[in-house]
Amino acid sequence: MMRRWKVYNAQLEDGSDMDKRGGHASCRVGSKMYIAGGYGNEVQFFPGLNVLDLETLVWTKEDEDMSPEQDGATLCQRTGNSLVAYKNRYLVMFGGFRQGWPGGASNHLYIYDLEEHAWLRVKQDRSQALVDEAGDVPNLSDRVVEVSGEWPQQRDKHSAVLDGDRMLVFGGWGSDARPSEGYEFLANDMNMCYWNNTLYSLDLTNLEQGNVSWSLLQPRGCLPSPRAGHSAVVLERTMYIIAGRTHTTRTSSIHPFDLRTNTWLPEMHLTVPTPFSRRSWQTATVFAPHKVFIHGGLPSEGHDHTLSDAYILDFKEETSICLGSSIPLRWHTSIAWNHKVFLFGGVVDGTWAKSHHLVVYDFTPNTLLQECIRVAAREGVDHSALPKKLQHAITTYRQRARCEQVA
């Protein structure tokens, strides 16, 4: 298959550039990529939903100036939040951080209806002591969603994935945790913050009837260490928690979770043929059966360096293949569509400068002609009798392969 990087300036319909940002969340619905949250170089928190048409690569704003306010900020003005798509109609956003909020992080739940083009009236449960004081939010839709069950604690830099009719939220960094539940704490000047390894489920089965429910799962098996800035993906009926920052270090560990039995399976480390290195704030995207594309992140040695490498993790063959380097990014997002992986935004370097670039990694399968040229070049086939155009193509391929080996 072809593997090519292409970098685009992310532009809106009017030709202006998208805001540079990092710490946002994204998901895909059909041929559109949705972005929520993030902040810019001046610690500016961005409102509204942004939409990328994956066919034209043109950005638009889904709810500009329409997102209702909470504590003086629109719902999407946050970082480290999560965003998943449900039934190709609803965008489900949870948690995140914003300066000025009590404790910094939030455990609010918000749902956007792509057919109504409106936020639903999700009623935050006031009986939960750890829910922010904002209470109900004046959403634009007339539809009300009641939320029951045991809410997750306030957090950001967690992960969220969809498993059928439930959203699973794992880990993260936050405050106001209950120490009896086994969190790892780190004191700072403002409050008690923590990494955690709890796993919550949001049942969305009755969303269209106006009811959703949280529950704290009590899984069996080999529980991962508390962490934040990790990735989570679902392949068939297994969720994989990948890398992240723990209390003491960044890790390359991978933790499978059996979604059928709610059981943590033994930890994995993929080292063949190329060891997958320790990191946090990377992106992870399922782009083919059993295969996950990993890009960038923050390495184990500190905050002054941003990773630019890319990997393919094959969970069937249990292999880790490094694809080389592209551009350095961390705390960016990615989605997969039509044999391509699309990455947007992120932190570029140790100065915390943000990016507004759209990076596209192309996995489009080779045509028959491209495959014949590749094999002829690799096997050293005598091509002197072929048309000059094909001779040139084979020679060029051989030269490029030599350069890649030297590099």
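Just so you know, these numbers come straight off a predicted model, no measurement behind them.

Criteria and thresholds
Residues numbered from 1 in each chain as written. Predicted model: local features only at pLDDT ≥ 70, side-chain atom pairs only at ≥ 80, totals over all residues. Heavy atoms only, no water. Helix = DSSP H or I, 4+ residues; strand = E, 2+ residues; numbered from the N terminus. Buried < 20%, exposed > 50% of the residue type's maximum accessible area, 1.4 Å probe, protein only. Contact = heavy atoms within 4.5 Å. Areas by Shrake-Rupley, 256 points an atom, 1.4 Å probe, with all protein chains shown as cover. pLDDT = per-residue confidence, 0-100. Pairing = 2+ DSSP bridges. Phe/Tyr/Trp six-rings, centres within 6.5 Å; stacked < 30°, edge-to-face > 60°. Lys NZ or Arg CZ within 6 Å of the ring centre and 35° of its normal. Core = buried A, V, L, I, M, F, W, Y, C linked by side-chain atoms within 4.5 Å. 1 Å grid on protein atoms, 1.4 Å probe; cavity = no way out; pocket = protein on both sides within 12 Å on 5 of 7 lines; lining within 4 Å. Points joined across faces, edges and corners; volume = space filled by probe spheres on them. Nonpolar A, V, L, I, M, F, W, Y, C, P; charged D, E, K, R; others polar. Polar contact = N/O pair within 3.5 Å; in protein donor to acceptor, adjacent residues only side chain to side chain. Salt bridge = Lys/Arg side-chain N within 4 Å of Asp/Glu carboxyl O. Axes fitted to C-alpha atoms, helices over the stretch in contact; angles between N-to-C directions.

Describe in detail the overall build of the protein chain, supporting the description with residues and values.
A tally of regular secondary structure across the protein chain gives two helices and 33 strands. By residue count, 53% of the 407 residues in the protein chain fall in the buried class. Sequence separation of at least 24 residues holds for 55% of the intrachain contacts in the protein chain that already meet a minimum separation of 6. Accessible surface computed for the protein chain: about 18,000 Å², of which carbon and sulfur atoms make up 49%.

Give me the lowdown on the confidence of the model for the protein chain, citing residues and values where you can.
A residue-level look at the protein chain finds 85% of positions with pLDDT of 70 or above and a mean pLDDT of 85. A low-confidence stretch, residues 178-190 (pLDDT under 50), is modelled with 34 contacts involving residues beyond four sequence positions or located in other chains. Confidence over residues 403-407 falls short of pLDDT 50; this stretch has zero contacts with residues more than four positions distant or in other chains.

Give a detailed account of the pairing of strand β5 (residues 58-61), specifying residues and quantitative values.
Note: strand β4 (residues 49-53) against β5, four bridges, orientation antiparallel. For Asn 50, the partnering residue across the bridge sits in β5 and is Lys 61. The hairpin turn running from β4 into β5, its antiparallel successor, is four residues long, and Leu 57 in that turn takes a positive phi close to 60°.

So what about the packing of aromatic side chains? Which residues, and what values?
Scanning the entire structure with this criterion turns up 22 aromatic pairs. For the pair Trp 5 and Tyr 361, a centre-to-centre distance of 4.2 Å together with 80° between the ring planes defines the contact as edge-to-face. With Trp 5 in strand β1 (residues 4-9) and Tyr 361 in strand β33 (residues 357-362), this residue pair connects regions lying 356 residues apart in the sequence. For Trp 5, a relative accessible area of 25% translates into the label partly exposed. Geometrically, the ring pair formed by Tyr 39 and Trp 331 is edge-to-face, given 6.0 Å between the ring centres and 70° between the ring planes. You can see Tyr 39 sitting in strand β3 (residues 32-39) and its partner Trp 331 sitting in the loop between β30 (319-325) and β31 (333-337), a full 292 residues away along the chain. Every member of this aromatic cluster is reached through a ring pair, and the members are Trp 5, Phe 287, Phe 293, Tyr 361 and Phe 363. Stacked on the ring of Trp 352, the Lys or Arg Arg 330 has its end atom at 4.6 Å from the ring centre.

Describe the nonpolar core, and please don't skip the residues or the numbers.
Ranked by size, the top nonpolar core spans 21 residues in total, and within it Val 92, Leu 109, Met 167, Leu 202, Leu 207, Val 212 and Trp 214 carry the most contacts. Put simply, the parts of the chain that give this core at least two residues each are β8 (82-86), β9 (90-97), β10 (105-113), β13 (144-149), β15 (166-170), β19 (199-203) and β20 (211-216). The contacts of Leu 207, once residues within four sequence positions are left out, are Tyr 86, Tyr 90, Ile 111, Leu 120, Arg 143, Val 145 and Val 212.

I'd love a proper account of the layout of surface pockets, names of residues and values included.
What the largest pocket holds in volume is close to 1,100 Å³. Taken together, 41 residues form the lining of the largest pocket, with Ser 26, Ala 160, Ala 232, Ala 284 and Ser 334 sitting closest to its centre. At the level of secondary structure, the elements contributing two or more residues to the lining of the largest pocket comprise β2 (22-29), β8, β14 (159-163), β22 (231-235), β27 (283-288) and β31. Here the element with the most residues in the lining of the largest pocket is β2; it accounts for six residues. Looking at the lining of the largest pocket residue by residue, the classes come out as 21 nonpolar, 18 polar and two charged.

Can you tell me about the environment of Glu 116, naming the residues and giving the values?
Along the chain, Glu 116 falls in the loop between β10 and β11 (118-119). For Glu 116 and Ser 141, which are 25 residues apart along the polypeptide, the C-alpha to C-alpha distance reads 7.6 Å. For Glu 116, the residues in contact, after removing those within four places along its chain, are Arg 89, Ser 141 and Arg 143.

How would you explain the side chain of Ser 26 if you had to name every residue and give the values?
Tracing the backbone through its elements, the reader meets Ser 26 in strand β2. Assessed through its relative accessible area of 15%, Ser 26 is described here as buried. In this structure the side chain of Ser 26 is engaged in a polar contact, spanning 3.2 Å, whose partner is the side chain of Thr 333.

Give a description of the pattern of salt bridges that names residues and reports values.
Following the criterion strictly, the structure yields 11 salt bridges and no others. Close ionic contact of Asp 113 with Arg 89 constitutes a salt bridge, the shortest N to O distance being 2.8 Å. Linking Asp 113 in strand β10 with Arg 89 in the loop between β8 and β9, this pair joins segments that are 24 residues apart in sequence. Exposure remark for Arg 89: the relative accessible area of 18% places this residue in the buried category. Taking the shortest distance from any N to any O, the salt bridge between Arg 166 and Asp 163 comes out at 2.9 Å. One connected set of salt bridges, linked through shared partners, spans Arg 89, Asp 113, Glu 115, Glu 116 and Arg 143.

Can you lay out the sheet that holds β4 for me, pointing to particular residues and giving the numbers?
Ordered by their spatial adjacency, four strands build an open sheet running β2-β3-β4-β5, and the pairing between neighbours is antiparallel. On the outer flanks of this sheet lie β2 and β5, each paired with one strand and no other. Taken pair by pair, the neighbouring strands of this sheet meet at an average axis angle of 25°, ignoring direction. Direction of pairing for β3 relative to β4: antiparallel, over a ladder of five bridges. In the strand pairing of β4, Tyr 34 is matched with Val 51.

Which residues make up the environment of Ser 231, and what values go with them?
Structurally, Ser 231 can be placed in strand β22. In this structure the C-alpha to C-alpha distance between Ser 231 and Gln 282, which are 51 residues apart in sequence, comes to 7.1 Å. When sequence neighbours within four positions are dropped, the list of residues in contact with Ser 231 reads Tyr 240, Ile 241, Ile 242, Gln 282, Thr 283 and Ala 284. Here Gln 282 takes part through its side chain, which lies 2.9 Å from a polar atom of the side chain of Ser 231.

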